[in-house]
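Listed below, chain by chain, are the residues.
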Amino acid sequence: MPDLLLELFSEEIPARMQAKAADDLRRMVTDKLVAEGLVYEGAKAFATPRRLALTVHGIPVRQPDLKTERRGPKIGAPDAAVQGFLKATGLTSLEEAKIQRDPKGDFYIALIEKPGRDAIDVLAEILPVIIRTFPWPKSMRWGARSGKSGSLDWVRPLHAITATFGLETEEPDVVKFSVDGIEAGQTTYGHRFLAPAAISVRRFEDYEAKLLAAKVVLDPERRKDAILTDAKQLAFAQGFELVEDQNLLDEVAGLVEWPVVLMGSFEPEFLTTPAEVIRATIRNNQKCFVVSDPKSTDKTGKLANKFILVANIEATDGGATIIAGNERVIRARLSDAKFFYETDLKTKLEDRLPKFEQIVFHEKLGTQAARIKRIERLAAEIAPLVSADVAKATRAAQLAKADLLTEVVGEFPEVQGLMGKYYALAQGEDVSVAAACEEHYKPQGPADRVPVDPVSVAVALADKIDTLVGFWAIDEKPTGSKDPYALRRAALGVIRLIAENALRLSLMEVAASALAGLPVKPADAQKLPSDLLSFFADRLKVQLREQGARHDLVDAVFALGGQDDLLMIVRRVDALGKFLDSDDGKNLLAGTKRASNILSIEEKKDKRTFDGAPDAALYSLNEEKALAKAIGEVKAEASAAVAKEDFATAMSAMAKLRPPVDAFFDKVRVNDDDAKVRENRLKLLNEIRSATRAVADFSKIQD
């Protein structure tokens with residue numbers, strides 16, 4: 001079957017847009033093909049700085065013929081309805097229609113046959129629409145046509161369109177269409193400087209090979225591999241190691257069509273600046289990689305005074321001019337960074353704090369200075385709960401935000417926190433205090449590390465809980481996909497801090513304490529901690545689901561009420577999951593569900609509940625007596641185990657209910673003719689439900 005080759009050749013596409021644009025092109029074309037009945041075998045999209053390309057393999061030569069039936073009016077309907085039916089279906093008379101028998105009457109049915117079109121004609125129709133409606137985040141118009149209504153919007157000026165369709169064994173045809181005066185053809189262009197001449201292409205294999213010969217590597221993954229391999233080898237050849245940076249690699253691969261890796265250097269005196277600042281300077285300003293010196297005695301790997309750049313051309317001078325230009329810019333940037341760093345060191349962190357009085361954190365939550373005071377107080381309260389030194393936690397909370405006012409962080413926001421650590425160490429602060437300045441922001445995502453130093457943990461919890469409680473108090477909660485204050489991330493951070501450090505603390509109490517320090521009080525202040533706890537429950541479900549646990553087990557544990565110790569919730573969910581994976585757990589769940597279903601039906605019928613202890617004198621069957629005895633024993637044993645936080649033992653106790661529950665449902669008729677016996681047996685079923693609630697609400701667990 002034929003293949004499609006499509007290329008959209010333009011001026012430079014921003015690197016950050018290329019991957020999504022390639023995916024959008026593939027999705028839009030293939031979705032349209034499928035909608036038109038042209039089911040393909042495979043598709044792959046590519047992007048370089050100057051082109052988007054797509055190949056779709058195995059497209060049928062022609063659409064399938066479509067046969068559809070259209071129901072018309074009843075026999076004997078008014079002539080106007082009949083004529084409208086004939087016109088809509090293309091029939092010349094009712095003799096061409098079938099008659100369908102129906103209980104409501106006999107109806108005319110038209111059999112409409114729509115012959116399929118050639119795939120190349122379908123492509124000529126859908127491709128211009130896709131190009132005109134392409135979802136660029138930002139686009140532009142250009143040239144004389146730009147002022148006319150309906151002129152093309154594209155990310156950068158579009159110069160050429162290549163579109164061919166045909167079998168591998170035959171000369172492909174051009175898909176004939178035009179967009180804004182640009183005619184689709186078979187002509188593309190190679191590297192802007194190394195091979196700028198026009199190139200005639202036929203199908204994808206020919207296209208890719210000719211581009212490679214014209215110094216264009218089409219596949220971005222191939223460009224990344226080439227850059228990474230060459231950079232590592234170049235660094236190794238001079239006794240260094242490349243400091244890998246996946247995000248930078250992705251960006252650089254989108255800036256070049258023919259990657260050429262070169263190495264430059266800068267003066268060793270700049271190495272007195274923190275490595276992260278050097279890296280940020282070189283990365284942000286020149287899109288270059290840094291290298292480390294493996295011979296350094298610094299265990300973290302000290303940077304070398306070298307950098308690796310990726311050019312887009314094979315220069316006749318071996319890249320000397322390109323290297324010199326980058327060295328000149330990097331030298332100036334590093335000089336600025338060194339000046340900023342040395343200037344920052346002249347002012348102590350605490351001396352910067354008064355400036356926060358003029359900086360508003362949020363109009364309803366006060367200044368940044370007021371927020372720092374709240375974090376200090378909360379960190380001091382949390383410190384004993386996490387085995388942290390109160391004085392150190394208070395000091396760390398006081399200084400943690402101060403680096404936001406430094407010159408380096410103003411220039412490179414991504415090193416906030418980290419620079420706070422460097423400045424704290426430079427002014428002689430305790431190591432734990434300095435570490436907390438950096439780590440109180442963590443974890444910032446599922447892949448980020450969790451602090452383990454107690455001082456860092458105390459300040460990180462205080463920072464995140466103050467944020468959550470504050471925005472909850474002013475009713476700025478996340479809605480749908482919108483979360484402008486990253487409250488979901490903050491809640492997940494709290495969960496990970498507690499779970500991975502095995503911390504025991506009451507979220508309700510901490511939230512209430514944070515609420516007490518706010519400058520505003522919500523209308524329903526008493527309800528806020530419990531509302532926030534529900535939010536934590538939802539985030540915990542996400543966290544556990546990512547770890548392979550079932551979210552319904554979280555519901556089953558939270559449904560018991562009063563559960564705000566996240567560590568115990570996680571442990572109880574884990575024990576419950578293991579129990580339900582066993583045969584005893586599965587069968588007990590089935591029995592409990594059966595009991596709950598019967599109770600629900602009977603409670604609805606009688607419009608009452610069946611609370612209260614059953615009357616032992618009304619037990620007439622051994623199975624009733626055995627179940628009642630087992631419930632009493634299991635309740636006591638499970639409750640005692642839960643009180644000791646031994647959830648595995650509590651689950652083992654629950655397993656003892658399985659045989660008497662099974663026997664009860666096998667031998668006992670709950671809805672006995674005697675009303676008193678029926679009520680007593682329903683109360684016994686309620687006891688089953690009550691007994692299992694010692695560990696979880698089984699009604700919340702999905703089968």
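Look up: the structure comes first, before these words.
Each value, and the rule that gives it
- Residues numbered from 1 in each chain as written.
- Predicted model: local features only at pLDDT ≥ 70, side-chain atom pairs only at ≥ 80, totals over all residues.
- Heavy atoms only, no water.
- Phe/Tyr/Trp six-rings, centres within 6.5 Å; stacked < 30°, edge-to-face > 60°.
- Helix = DSSP H or I, 4+ residues; strand = E, 2+ residues; numbered from the N terminus.
- Buried < 20%, exposed > 50% of the residue type's maximum accessible area, 1.4 Å probe, protein only.
- Contact = heavy atoms within 4.5 Å.
- Axes fitted to C-alpha atoms, helices over the stretch in contact; angles between N-to-C directions.
- Left-handed = near helix turned anticlockwise from the far one by under 90°.
- Nonpolar A, V, L, I, M, F, W, Y, C, P; charged D, E, K, R; others polar.
- Pairing = 2+ DSSP bridges.
- Polar contact = N/O pair within 3.5 Å; in protein donor to acceptor, adjacent residues only side chain to side chain.
- Parallel < 35°, antiparallel > 145°, perpendicular 65-115°, else oblique.
- Salt bridge = Lys/Arg side-chain N within 4 Å of Asp/Glu carboxyl O.
- Core = buried A, V, L, I, M, F, W, Y, C linked by side-chain atoms within 4.5 Å.

Novice: Mind showing me how you'd approach the packing of aromatic side chains here?
Specialist: To describe a pair of aromatic rings, one takes the distance between the centres and the angle between the planes. Summed over the entire model, instances satisfying the criterion amount to 12 aromatic pairs. Aromatic side chains Y341 and Y423 sit 5.9 Å apart centroid to centroid with 25° between the ring planes, which places their arrangement in the stacked category. Here Y423 lies in helix α13 (residues 418-426) and Y341 lies in helix α8 (residues 320-344), a separation of 82 residues in the sequence. Grouping residues by exposure puts Y341 and Y423 together as buried.

Novice: Just to check I follow, could you spell out helix α17 (residues 507-516) for this structure?
Specialist: Working note: α-helix, 3.6 residues per turn, so residues spaced by three or four point in the same direction. All buried positions along α17 are accounted for by L507, V510, A511, S513, A514 and L515. If you follow the buried residues of α17, they end up packed against α10 (368-382), α15 (454-473), α16 (487-500), α18 (528-546) and α20 (566-580).

Novice: I tried to follow the packing of α15 against α16 on my own but got confused; where do I start?
Specialist: Packed helix pairs are characterised by how far apart their axes lie and by the angle those axes make with each other. Relative orientation of the contacting elements α15 and α16 amounts to 145°, with a least axis distance of 9 Å. Considering only the axes of α15 and α16, their crossing is left-handed. Residues V457, A460, L461, K464, I465, T467, L468, F471 and W472 of α15 lie in contact with α16, whose contacting residues are L487, A490, A491, G493, V494, L497 and I498. In terms of residue class, the contact of α15 with α16 is made up of 13 nonpolar, 2 polar and 1 charged.

Novice: How should the sheet that holds strand β16 (residues 303-311) be read in this particular structure?
Specialist: In a beta sheet, neighbouring strands pair by backbone hydrogen bonds and run either parallel or antiparallel. Strand order in the open sheet formed by 4 strands is β13-β15-β16-β14, with antiparallel pairing between adjacent strands. The open sheet terminates on both sides in strands that have one partner only, identified here as β13 (241-242) and β14 (260-265). Alignment of β14 against β16, held across 6 bridges, turns out to be antiparallel. The partner of V260 across the bridge, within β16, is A311. Of the strands in this sheet, β13, β14, β15 (289-292) and β16 touch helix α5 (residues 220-237), which is tilted by about 35° from β14.

Novice: It is not clear to me how the side chain of R374 should be interpreted in this structure. Could you clarify?
Specialist: Of note, R374 is situated in helix α10. Excluding residues that lie within four positions of it along the chain, R374 makes contacts with F361, L365, D466, G517, L518 and P519.

Novice: How do you make sense of the environment of E687 when you look at a structure like this?
Specialist: By the secondary structure assignment, E687 is in helix α25 (residues 675-692). When sequence neighbours within four positions are dropped, the list of residues in contact with E687 reads G612, P614, I631 and K635.

Novice: For this particular structure, what's the right way to read the sheet that holds strand β4 (residues 66-74)?
Specialist: With respect to topology, 3 strands assemble into an open sheet ordered β4-β6-β5, the strand pairing being antiparallel. Each edge of the open sheet is held by one strand with a lone partner, namely β4 and β5 (98-100). Put simply, the sheet's adjacent strands are angled 35° from each other on average, direction ignored. In this structure, β5 lies alongside strand β6 (residues 107-114), joined through 3 bridges in antiparallel fashion. Within β6, the residue paired with K98 across the bridge is I109.

Novice: Please clarify how the side chain of K593 should be interpreted in this entry.
Specialist: Its place among the elements puts K593 in helix α21 (residues 583-606). Separated by 2.4 Å, the side chain of K593 and the backbone oxygen of I701 make a polar contact.

Novice: Help me understand unusual backbone geometry in this model?
Specialist: Most peptide bonds adopt trans geometry, and most residues besides glycine take a negative phi value. Cis geometry is adopted by the peptide bond preceding P443, which originates at K442 and carries an omega value of -10°. Structurally, the position occupied by P443 is in the loop between α14 (431-439) and α15. One non-glycine residue, K215, lies in the positive phi region at around 65°. With respect to the helices and strands, K215 occurs in the loop between α4 (204-213) and α5. Look at K287: it is not a glycine, yet its phi comes out positive at around 55°. Within the secondary structure, K287 is located in the loop between α7 (275-286) and β15.

Novice: Quick question: what am I supposed to make of the packing of α16 against α18 here?
Specialist: Between α16 and α18, the shortest axis-to-axis distance is 9 Å and the interhelical angle comes to 75°. In terms of orientation, α16 and α18 fall into the roughly perpendicular class. Judged by residue contacts, L487, R488, A491, L492, V494, I495 and R496 of α16 engage F535, F536, R539, L540 and Q543 from α18.

Novice: Would you mind going over the pattern of salt bridges with me for this structure?
Specialist: Two side chains of opposite charge can pair, provided their charged atoms sit close to one another. In the structure shown here, the tally under the stated rule is 61 salt bridges. For R496, the salt bridge is made with E500, and the minimal N-O distance between the two is 2.8 Å. In this pair, R496 and E500 both sit in helix α16, 4 residues apart, roughly one turn of the helix. Residue E500 is classed as partly exposed on the basis of its relative accessible area, which comes to 46%. Among the ionic pairs, D662 bridges to R658, the shortest N-O distance being 3.5 Å. Taken as a pair, D662 and R658 lie in helix α24 (residues 658-667) at a separation of 4 residues, close to a single helical turn. Judged by its relative accessible area of 28%, D662 falls in the partly exposed class.

Novice: Mind showing me how you'd approach the nonpolar core here?
Specialist: In this structure, L461 and L576 are the most contacted members of the largest nonpolar core, which totals 122 residues. With 13 residues, α15 is the largest single contributor of residues to this core. The contacts of L461, once residues within four sequence positions are left out, are I382, V386, V494, L497, I498, L503 and L505. One finds L6, V56, L152 and F177 within the second-largest nonpolar core, a separate group that totals 39 residues.

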